[in-house]
Every structure is written in structure tokens, then in C-alpha cells.
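# Observations on chain architecture
Listed here are the chains, written in short residue letters.
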Amino acid sequence: MSLTLKEKVKTVFYFLTHPQSLKMVISLEESGYLHDEGWFKAFNMKQAIDKNGNPIPWFTYPSIDFIKERLNKEMTVFEYGCGNSTLFFAMRVKEITSVEKDRTWYGKIKQKLPSNASIILFKEAITEVSYTQIIERSNKKFDLIIVDAIKRNEVIYKAVDYIKPDGVIILDNSDVSDYKAGIEFLIKKGFKRLDFWGIQAGYFNKTCTTIFYKSNNCLGI
């Protein structure tokens, strides 16, 4: 989530009037947390990548660190909103299917996909199937369902019918008030929540990625 113009102006003014702080931030490109996570590389490339240029989700860094060690090649994933996250999960799970609404972005990511990943292009103007219903085409349940695109509340309502008993749902930017209804729905359905607050690749505003899970889940929470 990008900063507003007012926030950007305020940030620039602060560093202009606090040169020592600016010097400290610049030094972080050479060492420290931002360097270790590859934040500056992601910022310069305008992509969600780590310090080695490998694709990562646009989740908070703490959530990525937690999730990546718990994935395995037996897992299947459904993702609302494709991107570098699709490539990240494809390297670590058995299979991932994504749905994308933007034709240009769909074409760009599709060229990079390995054999265990696929993207469904949602063409709203010529289909009677809603965006949230795309998951029904799979006719199966998933270990992970990732919600990181449009209609997040509606997607969550549908996702609970297509998650395995030990599956988890990952909601990015869960701090956004618009998603409160979806979160409350999951809690009422018996899911627990694990919040990971932090920053994302190339962005410096604090946000939250949340994992919703039940007992004996596939991530061992």
C-alpha cells in the first residue's frame, strides 16, 4: 500500500530537517535489517523480491519468514491475485492455481510460470461466473488459500468451502478496515488468527498479514 502525497511530503520534510536520520537510513542499504531482507533491491526494481532477486509475496517480511519454512511439496494452493507470490509458492509446493483480473499482468506472470503453476484469467464482461466462484472449477479443496486481490470479503466467504480440514487461509493487508467483515466471518467459523505486523518489500508503511487456522493445521501452528 503506497503512501499518500501528504505522507510523502511529510517524510521528505522530516529528512531534510534531520540530516543525521537521513544518513542513518542510507547506511541501512549496506547492512542491517533492510539490507538483509533485500528491501532496497525491491524498492529500486519495484518488485517483490529478496536480496538475491528471488520472487517473494508482497506480504510482511515476518509472515514470509514464518510461512516459507513450513511449506512442502505435498501442498496445493489457490491464490486470488497472481504475481511474484505465485512464483514463490510454486518453488515450494506441489501445485498452485491463481486467478487474475488484469489481462496485462496475467500475460506478464504467465510467461514465468513453472509447470506446477497455472493462472486463470477472469474475464468479467463475458462470463456469468463471478470472481469468487472461480475456485469452484477446481472441484477440490486446498491446503492454502491466499486472499490478496479484489472482493476480499466475498472471496473469504467462498474460501471456507474449499479449504481442507487442516488448511489455512492467508489474508494480506488484514489491518484494512474494509476486510473486517471477512475476518469476523472466519472467527465465527472457528478459525484462530495469527497476525504478522511489519513492512513489505519496497514499502515502508506498517501493515499486517494474517494466517487463519484451526487445530492440527498444515503449517504446524
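Going by the structure above, here's the rest.
Our subject in this report is the structure included herewith. Quick caveat: nothing in here was measured; it's all calculated off a predicted structure.

## Some thoughts on the overall build of the chain
The helix and strand inventory of the chain stands at nine helices and seven strands. Looking at the chain as a whole, 46% of its 221 residues are labelled buried. Look at the contacts in the chain between residues 6 or more apart in sequence, and 50% of them connect residues 24 or more apart.

## A short note on the layout of surface pockets
In this structure, the second largest pocket occupies an estimated 450 Å³ of space. Considering the residues around the second largest pocket, the lining is formed by 23 residues, among which Ala 48, Trp 58, Cys 82, Trp 105 and Asp 148 are closest to the centre. Elements with a minimum of two residues in the lining of the second largest pocket: α6 (84-90) and α7 (103-110). Partitioned by chemical class, the residues of the lining of the second largest pocket number nine nonpolar, seven polar and seven charged.

## Topic: the sheet that holds strand β5 (residues 163-172)
Paired through their backbone hydrogen bonds, the strands of a sheet run either parallel or antiparallel. Read across the sheet, seven strands follow the order β3-β2-β1-β4-β5-β7-β6 without closing on themselves; strand pairing throughout is mixed. Pairing within the sheet leaves two strands with one partner each, and these edge strands are β3 (117-121) and β6 (192-198). Adjacent strand axes in the sheet meet at a mean angle of 15° when their direction is disregarded. Across four bridges, the pairing between β5 and strand β7 (residues 207-213) is antiparallel. Note on β7: the bridge partner recorded for Ile 170 is Ile 211. Each of β1 (76-80), β4 (142-147) and β5 is contacted by helix α8 (residues 152-159), which is oriented at about 170° to β5, the strand it contacts most. The strands touched by helix α9 (residues 180-188) are β5, β6 and β7; relative to β7, the strand with the most contacts, the crossing angle is about 25°.

## A few points about α8
Taken across its eight residues, α8 has six buried, putting it largely inside the fold. Of all the positions in α8, only Arg 152, Asn 153, Val 155, Ile 156, Lys 158 and Ala 159 are classed as buried. Those residues of α8 that are buried lie in contact with β1, β4, β5 and α9.

## Remarks on unusual backbone geometry
Residues other than glycine seldom take positive phi values, yet Asn 139 does so here, at roughly 55°. Position of Asn 139 among the secondary structure elements: in the loop between β3 and β4. Asn 139 gets classed as exposed once you look at its relative accessible area, which sits at 69%. The backbone of Lys 151 shows a phi angle near 50°, a positive value even though the residue is not glycine. Position of Lys 151 among the secondary structure elements: in the loop between β4 and α8.

## Structural notes on the packing of α8 against α9
Two elements in contact, α8 and α9, have axes whose closest approach is 8 Å; the angle formed by their N-to-C orientations is 20°. It follows from the interaxial angle that α8 and α9 lie roughly parallel. The handedness of the crossing between α8 and α9 comes out as left-handed. Across from Asn 153, Ile 156 and Tyr 157 in α8, the residues of α9 making contact are Lys 180, Ala 181, Gly 182, Phe 185 and Leu 186. Classifying every residue of the contact of α8 with α9 by side-chain character gives five nonpolar, two polar and one charged.

Procedures and definitions
Residues numbered from 1 in each chain as written. Predicted model: local features only at pLDDT ≥ 70, side-chain atom pairs only at ≥ 80, totals over all residues. Heavy atoms only, no water. Helix = DSSP H or I, 4+ residues; strand = E, 2+ residues; numbered from the N terminus. Buried < 20%, exposed > 50% of the residue type's maximum accessible area, 1.4 Å probe, protein only. Contact = heavy atoms within 4.5 Å. 1 Å grid on protein atoms, 1.4 Å probe; cavity = no way out; pocket = protein on both sides within 12 Å on 5 of 7 lines; lining within 4 Å. Points joined across faces, edges and corners; volume = space filled by probe spheres on them. Nonpolar A, V, L, I, M, F, W, Y, C, P; charged D, E, K, R; others polar. Pairing = 2+ DSSP bridges. Axes fitted to C-alpha atoms, helices over the stretch in contact; angles between N-to-C directions. Parallel < 35°, antiparallel > 145°, perpendicular 65-115°, else oblique. Left-handed = near helix turned anticlockwise from the far one by under 90°.

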